[in-house]
Amino acid sequence: EPEVTQTPSHQVTQMGQEVILRCVPISNHLYFYWYRQILGQKVEFLVSFYNNEISEKSEIFDDQFSVERPDGSNFTLKIRSTKLEDSAMYFCASSERQGSNQPQHFGDGTRLSIL
Amino acid sequence: AQSVAQPEDQVNVAEGNPLTVKCTYSVSGNPYLFWYVQYPNRGLQFLLKYITGDNLVKGSYGFEAEFNKSQTSFHLKKPSALVSDSALYFCAVRDRKSGGSYIPTFGRGTSLIVHP
């Protein structure tokens, strides 16, 4: 079964540095998402992306964050000037369509640790 | 606005016994409802969804969930628990009202522990 893959599995970065988290969605999927999960807390939506544009974003997704689909397969999340509170698991997801009855397929996540 | 509540942080059950993981929701219209499971160090995996039709929805790994509109609930159930079912379970809801967000809201998760 096709999977969403994320790299790296664990990223350790100094506070203030920039990080790029990478995702390869399922190949025939058109909608892409980033979520984060702070340890022990709920899954929080960050942003959705379709047709090279942001479709929706949450209040968490401020100017510190950006997303990009640099080629036909990768989908990246960039966090500029990282803060301690950015430490979390970041999950990429994709879906074939954006219909609200469509389940999202999640990657295994990148654990981001800010020191 | 849409919201979902999972009132139990943890559910403990003996292997072979039935299990229930509770979920209640709030939407202004009608809901789309989902259950996901998360195993350690893994992403969320889709289990089942309620869109319309039969209130009892069957999903992966022998799980099912019952939609109850009057109680605004969507509890996850399995007749006979396995140790391998031990994981974190997330309920999610999306309001079907047109013009709203396509993004579901997730609950805080319930840790299911199945004892041998």
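Please refer to the structure placed before this passage.
Computed from a predicted structure; not experimentally measured.

A. Seen up close, the sheet that holds strand β8 (residues 75–79) of chain A. Residue and element names in this part refer to chain A. Spatially, 4 strands are ordered β1-β3-β8-β7 in an open sheet, and the strand pairing comes out antiparallel. Pairing within the sheet leaves two strands with one partner each, and these edge strands are β1 (5–7) and β7 (65–68). On average, adjacent strands in this sheet sit at an angle of 20° to one another, irrespective of strand direction.

B. Focus on the pattern of salt bridges. Evaluated as defined, the whole model comprises 5 salt bridges over all chains. Residue aspartate 108 of chain A is joined to arginine 42 of chain B by a salt bridge in which the shortest nitrogen-to-oxygen separation is 2.9 Å. Of this pair, aspartate 108 of chain A sits in the loop between β10 (105–106) and β11 (110–114) while arginine 42 of chain B sits in the loop between β5 (31–38) and β6 (44–50), placing the two residues on different chains. Across the pair glutamate 66 of chain B and lysine 77 of chain B runs a salt bridge whose closest N-O atoms are separated by 3.6 Å. Here the residue glutamate 66 of chain B occupies a position in strand β8 (residues 64–68), and lysine 77 of chain B occupies one in strand β9 (residues 73–78), the gap between them amounting to 11 residues.

C. Highlighting the interface of chain B and chain A. Each partner contributes residues to the interface: chain B has 21 residues there, and chain A has 22 residues. Taken together, the links from chain B to chain A amount to 1 salt bridge. Summed over the shared surface of chain B and chain A, the number is 4 residue pairs in polar contact (both at pLDDT 80 or more). Taken together, the elements giving at least two residues each to the side of chain B that touches chain A come down to β5, β6 and β10 (87–95) of chain B. Here the element with the most residues in the side of chain B that touches chain A is β5 of chain B; it accounts for 4 residues. Each residue belonging to the side of chain B that touches chain A can be placed in one class, and the counts come to 12 nonpolar, 5 polar and 4 charged.

Basis of the calculations
- Residues numbered from 1 in each chain as written.
- Chains lettered and ligands numbered in written order.
- Predicted model: local features only at pLDDT ≥ 70, side-chain atom pairs only at ≥ 80, totals over all residues.
- Heavy atoms only, no water.
- Pairing = 2+ DSSP bridges.
- Helix = DSSP H or I, 4+ residues; strand = E, 2+ residues; numbered from the N terminus.
- Axes fitted to C-alpha atoms, helices over the stretch in contact; angles between N-to-C directions.
- Salt bridge = Lys/Arg side-chain N within 4 Å of Asp/Glu carboxyl O.
- Contact = heavy atoms within 4.5 Å.
- Polar contact = N/O pair within 3.5 Å; in protein donor to acceptor, adjacent residues only side chain to side chain.
- Nonpolar A, V, L, I, M, F, W, Y, C, P; charged D, E, K, R; others polar.

Everything listed here is a matter of geometry and, on its own, says nothing about what the molecule does.
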